[in-house]
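# Geometric and topological summary
Residues per chain, in single letters:
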Amino acid sequence: MTFEDLCLHALVANRNDIKISQSPNYPYGEIEALLKREGLDHRFQLSYTNERKIGSTCQVYYAHDLKQKDRRLVALKLIRTQYIDSYVSYDDLLNLQQRKDCFYKPRNVIYNRHLKYFDDYIPIEQYIGELGRLCPHLPISRCIENGAKRLETCDAYLIAFEYIHGRTVWENLVRTDFIYLNEDEARTLVRLFIEQLLILLKHHIINCDLNGCQNYYYKPYDDVSPAKSRYTQWIPIEDGEDGYASMSADSSQSSMDDLASASSSSSSPLTFIDFGWSICTADPDNDRHEILLQTLQNLFERTPRIVQIFAGPNYWNFRRVIESRKQGLKELLDHPWLTTGDTIINNNDL
């Protein structure tokens, strides 16, 4: 089975069919000791105000970057090597940094979770985070400068990302007791979603883990009034959407103070994160790539559905076109549901 087959399997599999193991829940004291052992305590000071986020393969801790005069907050992502799916060569990272070419295509990428020789490779998420730092117009999370390190005293990587105020779509759905977008708002989101997928594709990137409402931020959702003025941490029965134990709130702060685990300086209201399961050597002309179309289909089919069921014929035609795989993302942008709303359509398009 190829790496892309594995990606596709993860996209279409039902959440109840796969048992996702939970990474160790390291207490703050252990993380502080780890930073000290690695000589990083002079660079990062953990923040106890902003609660950590627990994922199925990693944890995110917030810390102050002591290297900066403003002691800005950053998100420290701790990933054990056994959960790293792909690696990019260190030479490719140096080429990207030296050329500052936002369209650079890595030459040596290994899609293999079981890589044992790390000296010449870095995690793919570090590479894409560095691309985001050098190319801030991209709608992706970005590393801080010199903010990634393979930890010598434990089998893990630490990658520091910038942050923005906000929440993932999943966290916002939980916060609002699952208040969804109306049809006009849904069309706006879907169109923007496709446009941003195409932008990433131009840069050879496909995120294989955009499952429904997970791993991206959509700023308009932050303005939706919650069902409660204050709320407590939501603990899912099955570790959240696809095994993600979402920290929907800081137990010591109001919802407006929640921090995202990673961010981008992109002006786009849509920001994609978590590129640990991704492709960075994709053909930029292949907008019919199965993973891209399955990702779009997940917006309509995965539970919870981000795009709800609407009654109009254009809506249903749009869904059928996606399922048929007869059109790529560029063609889909011209579909009547995204351009004119729900009016009479040509039967030949069915």
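Residues numbered from 1 in each chain as written. Predicted model: local features only at pLDDT ≥ 70, side-chain atom pairs only at ≥ 80, totals over all residues. Heavy atoms only, no water.

### Some remarks on the environment of C135
To keep things clear, this is the line we draw: We count a stretch as a helix when DSSP gives it H or I for four or more residues in a row; a strand needs E for two or more, and each element gets its number in order from the N terminus.
Topologically, C135 is positioned in the loop between α4 (124–134) and β8 (143–151). The sequence separation of C135 and C102 amounts to 33 residues, and the corresponding C-alpha distance is 6.0 Å.

### A closer look at the packing of aromatic side chains
Threshold: The aromatic pairing rule takes the rings of Phe, Tyr and Trp, using the six-membered ring of Trp, and pairs them if the centres are within 6.5 Å, calling planes under 30 degrees apart stacked, those over 60 edge-to-face and the rest tilted. The rule is simple: take the accessible area with a 1.4 Å probe, protein chains only, and divide by the maximum for that residue type; under 20% is buried, over 50% is exposed, in between is partly exposed.
By the definition in use, this model includes 14 aromatic pairs. An angle of 65° between the planes, with centres 6.2 Å apart, marks the rings of Y216 and F272 as edge-to-face. Within this pair, whereas Y216 is found in strand β11 (residues 216–218), its partner F272 is found in strand β12 (residues 270–272), the two being separated by 56 residues in sequence. Side by side, Y216 and F272 carry an identical accessibility label, which is buried.

### Focus: the sheet that holds strand β6 (residues 109–110)
The cut-off we apply is this: Strands are labelled as partners when DSSP assigns at least two bridges between them.
With antiparallel pairing, three strands are arranged side by side in an open sheet as β6-β5-β7. Looking along the sheet, the strands with just one partner apiece sit at the ends: β6 and β7 (121–123). Sheet analysis places strand β5 (residues 87–89) next to β7, joined by three bridges and oriented antiparallel. By the bridge assignment for β7, V88 is matched with I122.

### Considering the pairing of β8
Across five bridges, β8 lies against strand β9 (residues 156–161) in antiparallel orientation. Counterpart to K149 in the pairing with β9 is L158. Counting the residues in the hairpin turn of β8 and β9 gives four residues.

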